[in-house]
Amino acid sequence: MNSKVRPRFPLPLLRFWTLRILPIWALIALVIFLFQIAVCGIVHDNESVKTFINFIDRLPSFIKTIFGGESLKVGNISGLIAIGYNHPLVLTLYMLFAVGVPTGLLAGEVQKGTMELILSRHVTKIHAYICAGLITITGMFALVMVMFSGTVFATNVYEFSQEVPLHSFFKAAINGGILASAVGGIALLAAACFQRNTAVWLTVAYLVANYFVSIIAEWWPRMKWLKPTTIFYYVDGTKIFTESKWPISNMCVLLSILVISTVLGGVIWSRRDLPL
Amino acid sequence: MPCSLYQTTTRQIFHHNIYNNSAVKELGILLDRLNTGRDNAYKSKAKKITMKAIEIKKLSKWYGSARGVEDLSFSVEKGEIFGYLGPNGSGKTTTIRCLMGLLRPTGGNCLVSGERIVPGRATQHTNIGYLPGEFRIWPGLTARRSLAILARLGNGKNISKRQEELAERLDLNLDRRVHTLSKGNRQKVGVLYAFQHQPEVLILDEPTIGLDPLVRQVVLELIREAAHAGSTILLSSHDLSEVAAVCGRAAILREGRLNELAPISKIVQQGRKRLKVWFAEGTQVPSLPVDKLAGVSLIQQEQETLHLAYQGSIDPVLKWLAQYPVNRISTPQTSLEEAFIQYYNKNQPLGVTKHLDSELKEASNEQ
C-alpha cells in the first residue's frame, strides 16, 4: 500500500460543482444584464424619468428611499442608472446566489449524504470547503461584472444627454462585488455550522434585518446612528459617484467581514463531525 | 541483520492468517534480500507488509453525553475478511466513520496500513473502498456519471473496464439516472463504487442490504475475490449468515463496547446449543426441572417431543433424560444467529430473555 499521500486540490470536484451551478448562474446573470439595459432604456429619456419620478413620489417615502432617495431627479443620470444596481430585484438575485450556492454545496451535500462519498475519496474537508468558497466568491464577482457590462452595453445603445461616469459605475460594481462576496462568506459560515435550511434562513434573516435597518436609518433621521451597523452602509453610492478616489476604507471593512467569516467557517467545517 | 523484523515477518507467514500466495511469495523474496542486506528500502517495504491493515486503538466517541463507542481496540490483518457485528446503535457505523476520518474521535485513534487517520485529511483514501450504511448518490445523474466523478476524485482514472465488468456481474444498467433506479439497484451502484478502483482496504457497511439473494451471492463472491487478491475487508453487517459465509474472524459490539472478538467458529460454539428429544410412543413428556438443570431452558414442548436449549456440558441433560424411554435425540446445529442473540442476551433483563427465547422458538418452528 502506498504510504501517506497528501491529497492534491480536487479540481474535478471544483469542475463538477461549477457545472452544477452554471445554469442558475447564467440565468441570474442574464436577468441582471437585461435589467440594466431596461433601466438605461427608461432613464435615458427625460419624459420617462419625469413620469417615473411622479409615480414614485405618490408612493410612501421609504419606497423612494429604496430606489435611491433624493438622487432620483431629472438630469441626475448616474443616480437614475444606479436604480439598476440597488433595485430589490437585483439585490434579491444576488442574495439568492450568495446564500444558495454555499449552503447548497456544503450543507446541501451533507444533507443529501453525498458529502460522505466525496470525503471518502482523496478529498480533504478543507479542499471541499475551498471549492465551495471559490465558486461562491468568483460567481458573485462574475455577476457584478455582468451587471457592469450591462450598463456599458446600454450606454452604447442609448444616447444620454450627459456623459455617463462609467468609471464610477465600475467602482460601484467592485464595491458591490465585495459586499456580495461578504454575504457569501457569511453564508459559508452558516453552511459550515448548520444544516441547509437553518443556514439559509439564518443568512436570509441576517440580510433582511440589515436591509431594513439600513432603509430605516436612511429614512428616519433619529435612527441614523444605526447606519454603520449594517453591511449595506459600506457601499456608499453618493461617495462613489461624487469622489474620484476608491472607497478603500469601506472595501476594507467588507473584505474583513469576508475573510473573518470565511476563515471561521473553514475552521468550524474542518473540526465538525460529518455527516450529521 | 534486523533479527526482530525477520522474526516478526516469519511469524506473520507461519502463524498468522495470510490469505494469498502472492503476498507470501513477496515476503519470501524480501526476506532473502534482507538476509543479504542488499537494500535498505526493502526493509521498510517488508515492515509495511507485516503491519496490520486496520488498527483501532482505544477508540472512544461520545456525542455529547451519548456514547457512540468506548475504549474500543482491535486490528485486522492484511488480506483478512473481518466481520463487524452488533445490534442497531451498538457503534458499528461510528467506528467506521472514525476510520474514514468523517468523525473526530473523543479519544484513541485509528490506523490504516500503519498510518494514523487524521479526521478530514483523507491521506489514505485512495487505497480505501468505502460503502456507507446508507448509500445515497446524486439522483439527477446517471450511475455511470456519478461513479466517474467519484473515481476522478481519487486515483481511479482507468476504471471503465472494471466498472463494466462489475455492472455486468451485478446486472446493473449504468446509463439510467439514479432516481429512476430501485432501492436494490441503487445499492448495487454503491457496491460498484466501493469495488471499482480495486482498493487495498474495503470498508463495507451493510453491503447487501436491499439486495436479492442472487445478487447477494455475487457481492459475497466479490468480497472473497478481493480478499484473494490481497485486499483487506471490514464487513459490517446484520446478516449473520453472510458474515459466517465469508469472514474468518468477527468482532461483536454491544452498547459501544467490544463484546467478543473471535473466529466465527468459536462464536458459533459459544452460543446456546439445542437438543430435540423424541420420547417413546405413549410416554408422557416430562416437565423440565429447571431448578436442577442450570443453563437449560425449554424452547418448545409437543405431544412426544421436547425442544431444549442448553449451555455448557450436555451431561446433566442426558442423565436426566436417561430416566425416560427416549426414541431419538438430535442436536440441530447452532446458527450464528442464535450465538449472536446469545451474546446480547448476556446481562439482559428477564423480559428480554423471554423475548429471545420466543425468537429461538420461532426459529425452531421454521426448521
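In this text the structure is predicted, and so the values were computed from the model without any measurement. (Residues numbered from 1 in each chain as written. Chains lettered and ligands numbered in written order. Predicted model: local features only at pLDDT ≥ 70, side-chain atom pairs only at ≥ 80, totals over all residues.)

**Examining helix α8 (residues 213-228) of chain B**
Residue and element names in this part refer to chain B. Between the first and last C-alpha of α8 there are 22 Å, a value that for 16 residues agrees with the 22 Å anticipated at 1.5 Å per step. All of the buried residues in α8 are Val-215, Val-219, Leu-222, Ile-223, Ala-226 and Ala-227. For α8, the angular spread of the buried residues around the axis is 135°, confining them to a single face. The exposed residues of α8 that point more than 90 degrees off its buried face are Pro-213, Leu-214, Glu-221 and Glu-225. Elements that come into contact with the buried residues of α8 comprise β3 (81-85), α6 (160-170), α7 (183-195), β7 (201-205), β8 (232-236) and α9 (240-246). Gly-230 sits one or two positions beyond α8 and adopts a positive phi of about 110°. (Helix = DSSP H or I, 4+ residues; strand = E, 2+ residues; numbered from the N terminus. Expected span 1.5 Å × (residues − 1). Buried ≥ 20, exposed ≤ 12 C-beta atoms within 10 Å, placed from the backbone. Arc of directions from axis to C-beta. Contact = placed C-beta atoms within 7 Å.)

**Examining the nonpolar core**
Ranked by internal contacts, the top residues of the largest apolar core, which has 139 residues, are Leu-192, Ile-203, Ile-233 and Leu-235 of chain B. At 15 residues, the largest contribution of residues to this core is made by helix α9 (residues 166-193) of chain A. Among all residues touching Ile-203 of chain B, those that are not within four sequence positions of it are Ile-96, Leu-99, Met-100, Ile-128, Tyr-130 and Leu-234 of chain B. Counting residues in each nonpolar core, the second largest holds seven residues, with Val-296, Ile-299, Leu-306 and Ala-309 of chain B among its members. (Core = buried A, V, L, I, M, F, W, Y, C linked by C-beta atoms within 7 Å.)

**A few points about the packing of helix α8 (residues 125-157) of chain A against helix α12 (residues 248-271) of chain A**
Residues and elements named next belong to chain A. Their axes nearest at 9 Å, the elements α8 and α12 cross at an angle of 145°. When you trace α8 past α12, the crossing you get is right-handed. When α8 is examined against α12, the residues Lys-125, Ile-126, Tyr-129 and Gly-133 are found in contact with a partner set consisting of Thr-262, Gly-266, Trp-269 and Ser-270. (Axes fitted to C-alpha atoms, helices over the stretch in contact; angles between N-to-C directions. Left-handed = near helix turned anticlockwise from the far one by under 90°.)

**Side note on the interface of chain A and chain B**
With 29 residues of chain A at the contact, the number on the chain B side is 28 residues. Put simply, the parts of the chain that give the side of chain A that touches chain B at least two residues each are α1 (11-43), α7 (114-119) and α12 of chain A. Considering every element that reaches the side of chain A that touches chain B, the biggest residue donor is α7 of chain A, with five residues. Tallied by class, the residues present in the side of chain A that touches chain B amount to 13 nonpolar, eight polar and eight charged. (Nonpolar A, V, L, I, M, F, W, Y, C, P; charged D, E, K, R; others polar.)

**Some thoughts on the sheet that holds strand β6 (residues 128-131) of chain B**
Note on sheets: strands pair through backbone hydrogen bonds, and any given pair is parallel or antiparallel. Residues and elements named next belong to chain B. In spatial order, the strands read β6-β7-β8-β3-β9-β10; together these six strands make up an open sheet with mixed pairing. One side of each edge strand has no neighbouring strand; the edge strands of this open sheet are β6 and β10 (257-263). Sheet twist, expressed as the average angle between the axes of neighbouring strands with direction ignored, equals 15°. Across the face of the sheet, helix α4 (residues 92-99) comes into contact with β3, β7, β8 and β9 (249-254) while running at roughly 150° to β7. In the packing of α8 onto the sheet, the strands contacted are β3, β7 and β8, and the crossing angle to β8 comes to about 150°. (Pairing = 2+ DSSP bridges.)

**A look at the sheet that holds strand β5 (residues 115-116) of chain B**
All names here are of chain B. With antiparallel pairing, the four strands of this open sheet are ordered in space as β2-β1-β4-β5. A strand with exactly one partner marks an edge of an open sheet, and here the two such strands are β2 (66-76) and β5. In this sheet, strand β4 (residues 107-112) lies alongside strand β1 (residues 54-63) in antiparallel orientation, the contact comprising five bridges. Bridging from a neighbouring strand, Glu-55 pairs with Leu-111 of β4. Against the sheet, α4 touches β1, β2 and β4, its axis set at about 115° to β1.

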